[in-house]
Amino acid sequence: MASKRAQDESDKTEKRKKKKIFEEKAELSAGIEDEQARRSMKEAWSRRTHYSHGNFELDCHPFPHCIIRNFLRSEAFVENLQRELMELSFHEKSNDLYKFKQSDDLKKRQEPHIAGLRAALFGRFRQWLGEVLAVELESTVDISCAKYEYTDVLLCHDDELEGRRVAFILYLVPPWQSSDGGTLDLYTTDGNFQPQGIVKSLVPSWNTLILFEVSPVSFHQVSEVLSQDKCRLSLSGWFHGPSLERPPRHIEPPIPRSPHLPRDETVLLEWINPLYLDISYQERIQTEFEDSSEIQLKDFLKEEKFRDVNEALQQAQIQWKKRGPPNKRCYEVACLDTLPQCVSECWELLHSEAFFLLLSNFTGLCLHYLCPADDEEKEQQEKGEAAGSSTESSASTSIEKEPSTPVCCGEVRRWSHGSYTLLHDGEAARAEYALDLLLPFGCTDWQPEFGGFTCYVANEEDEELLTVYPEDNSLALVYRDKETLKFAKHVNHKSSSADSPTCRKFYDFSFVYFE
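Residues numbered from 1 in each chain as written. Predicted model: local features only at pLDDT ≥ 70, side-chain atom pairs only at ≥ 80, totals over all residues. Heavy atoms only, no water.

A. Layout of the packing of helix 6 (residues 279–292) against helix 9 (residues 353–363). It is the contact of helix 6 with helix 9, at a shortest axis distance of 6 Å, that shows an interaxial angle of 60 degrees. Comparing their axes, helix 9 and helix 6 come out oblique. Contact residues: Gln282, Ile285, Gln286, Phe289 and Glu290 in helix 6; Leu358, Ser360, Asn361, Phe362 and Thr363 in helix 9. The residue inventory of the contact of helix 6 with helix 9, partitioned by class, reads 4 nonpolar, 5 polar and 1 charged. (Axes fitted to C-alpha atoms, helices over the stretch in contact; angles between N-to-C directions. Helix = DSSP H or I, 4+ residues; strand = E, 2+ residues; numbered from the N terminus. Parallel < 35°, antiparallel > 145°, perpendicular 65-115°, else oblique. Contact = heavy atoms within 4.5 Å. Nonpolar A, V, L, I, M, F, W, Y, C, P; charged D, E, K, R; others polar.)

This is how it looks when you write it as structure tokens:
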């Protein structure tokens, strides 16, 4: 008669067997086992020279990247792997940098072909890659699956994060052409390690692995998917190891700011809807603005003035320059000396002394010396006067009360397919209190799904605080603090598709005012 203890041990053994992950073995490209090919690849990588043999190709322009075709030997394995991946749950991912669908982390998934690929990638292949790079790669498993479909995109970035040494992407796509979008675009960099332009685009291909060294110059993007019926399925992640040395981050020179132009209230009477010049209405606007720190003022300009500027912005005489670098922004800005007269006059309106005072009345901010001090300033002044009996305290009070000169900076911008701005470390480090102004033109029937809207977010958080959609002749004012950042969402292919022929582009005056 069997003892109860023996029976319990037998049950535990059975449970352990059931918990064991069953994995299909992933046979990698035969070139991985070729010792001569490995040595040649290692030498080419260290010398930064081109190498090609069989299914392997190493190119070092604009930075080292390797293409391995037919990465997995068994076609049946690849097909089953694709099927398992398509059955996963995917989450919509969308922010300033990207829009696509992503699976959860795959490091613990138990599907046999996913588990088999993971074991091969972070086992034998990691060892081979470490030998090629002459670097000891860590055992860290970092892998997920992504689906890019129509209008999905991953904009320009360098992948740099502590511990990442080599990035990889395995494509499981149907027959794919460059016209379908979704290419892996590689950028050159300038002397400040900032991306310049795309010099190579790699078209996704079935069962092809691409890997590249993560470095200060490894700027790349996944171009927008333009196909409406294909899914760009890929597995991607990083091999971890000692990071390459990083130079100090480039700090952009600030955009020049200037005080107001000497223009009196005549310019307001000429340009602005009389409703907004009514003192009692300005008080209502200020009350609403102080409650929410933002407001949109519809039909802001007189109708005929808006129409004149709207038409003039489309004139061929205006010279437009693309603003970059692409890891921070991509849109067109007008050269001010090429603006038609009415556009220049609108620019001067937003830059004028009278307009600074009007903004003070709208917002309660101190953008003009005539604007009344707020309650907090009055209280500080009263305390200073009460304590001002000594020479020292009087001197201190006079220093505190030294007025600053309100200033602004601005651009006339053109937005079209492919335009965007991104959040970046430099912007976060230099964030300050400011009043943003947007005045759009030419966006009749512009749809939110096209992109081009401005999002305000809390620094270092995913929380979206406010979204401002482009709307003709609607003046948007937003006051932001040091913890608030903004970006303009990528303008996608829907904006220029056949079913929306009138929505190719729009324009805006973008100003920032500082007290």
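Having seen the model, we can carry on.
B. The arrangement of the pairing of strand 20 (residues 454–458) in detail. For strand 20, a buried count of 5 out of 5 residues is recorded, marking the element as mostly surrounded by other parts of the structure. Pairing geometry for strand 20 and strand 21 (residues 464–468), over 4 bridges, is antiparallel. Note that in strand 21 the partner of Cys455 across the bridge is Thr467. Pairing geometry for strand 20 and strand 23 (residues 484–488), over 5 bridges, is antiparallel. The residue of strand 23 that forms the bridge with Ala458 is Thr484. (Buried < 20%, exposed > 50% of the residue type's maximum accessible area, 1.4 Å probe, protein only. Pairing = 2+ DSSP bridges.)

C. Expanded view of unusual backbone geometry. A cis amide bond links His61 to the next residue, Pro62, at an omega of 0 degrees. As for its placement among the helices and strands, Pro62 is situated in the loop between strand 2 (56–59) and strand 3 (65–68). A cis amide bond links Gly324 with the next residue in sequence, Pro325, at an omega value of 0 degrees. With respect to the helices, strands and loops of the structure, Pro325 is situated in the loop between strand 15 (320–323) and strand 16 (329–334). One non-glycine residue, Thr151, lies in the positive phi region at around 75 degrees. When you line up the elements, Thr151 lands in the loop between strand 6 (143–148) and strand 7 (153–157). Residue Asn207 is not a glycine yet carries a positive backbone phi of 60 degrees. Note that Asn207 resides in the loop between strand 10 (195–202) and strand 11 (208–213).

D. Here's a closer look at helix 3 (residues 75–86). Compared with the 16 Å implied by 1.5 Å per residue over 12 residues, the 17 Å span of helix 3 between its first and last C-alpha is a close match. For helix 3, the set of buried residues is Phe77, Val78, Leu81, Glu84 and Leu85. For helix 3, the angular spread of buried residues about the axis comes to 125 degrees, placing them on one side. Of the surrounding secondary structure, the elements contacted by the buried residues of helix 3 are strand 4 (90–94), helix 4 (112–133), strand 6, strand 8 (164–171) and strand 13 (232–240). If you check the start of helix 3, you find a side-chain oxygen 3.4 Å away from the backbone N of Ala76, and it comes from Ser74. (Expected span 1.5 Å × (residues − 1). Arc of directions from axis to C-beta. Polar contact = N/O pair within 3.5 Å; in protein donor to acceptor, adjacent residues only side chain to side chain.)

E. Up close: the sheet that holds strand 23. Reading across the sheet, the 3 strands line up as 21-20-23 and stay open at both edges, with antiparallel pairing between neighbours. Each edge of the open sheet is held by one strand with a lone partner, namely strand 21 and strand 23. Here the average twist between neighbouring strands, direction ignored, is 20 degrees.

F. Looking closely at the pattern of salt bridges. Inspection of the entire model under this criterion finds 29 salt bridges. Bridged by salt links that share partners, the residues Glu35, Arg38, Arg39 and Glu131 form one connected network. (Salt bridge = Lys/Arg side-chain N within 4 Å of Asp/Glu carboxyl O.)

G. Focus on the packing of helix 2 (residues 35–47) against helix 4. Where helix 2 contacts helix 4, the axes come no closer than 8 Å and their chain directions differ by 50 degrees. Between helix 2 and helix 4, the crossing angle belongs to the class labelled oblique. Contact residues: helix 2 offers Arg38, Met41, Lys42 and Trp45, while helix 4 offers Trp128, Glu131, Val132 and Leu133.

H. Just the environment of Pro325, in detail. The exposure class of Pro325 is buried, given its relative accessible area of 14%. As for Pro325 and Gln194, which are separated by 131 residues in sequence, their C-alpha atoms are 6.7 Å apart. Leave out the neighbours within four places in its chain, and Pro325 touches Gln194, Pro195 and Glu252.

I. Fine view of the nonpolar core. Counting residues in each nonpolar core, the largest one holds 46 residues, and the members touching the most others are Phe71, Leu72, Leu81, Leu85, Phe125 and Leu235. In terms of residues, this core owes the most to one element, helix 4, which gives 10 residues. Apart from the residues within four sequence positions on either side, Leu85 is in contact with Phe90, Leu106, Ile114, Cys145, Leu172, Leu233 and Leu235. The next biggest cluster of nonpolar side chains, apart from the first, holds 45 residues, and it includes Leu297, Leu349, Leu437 and Leu439. (Core = buried A, V, L, I, M, F, W, Y, C linked by side-chain atoms within 4.5 Å.)

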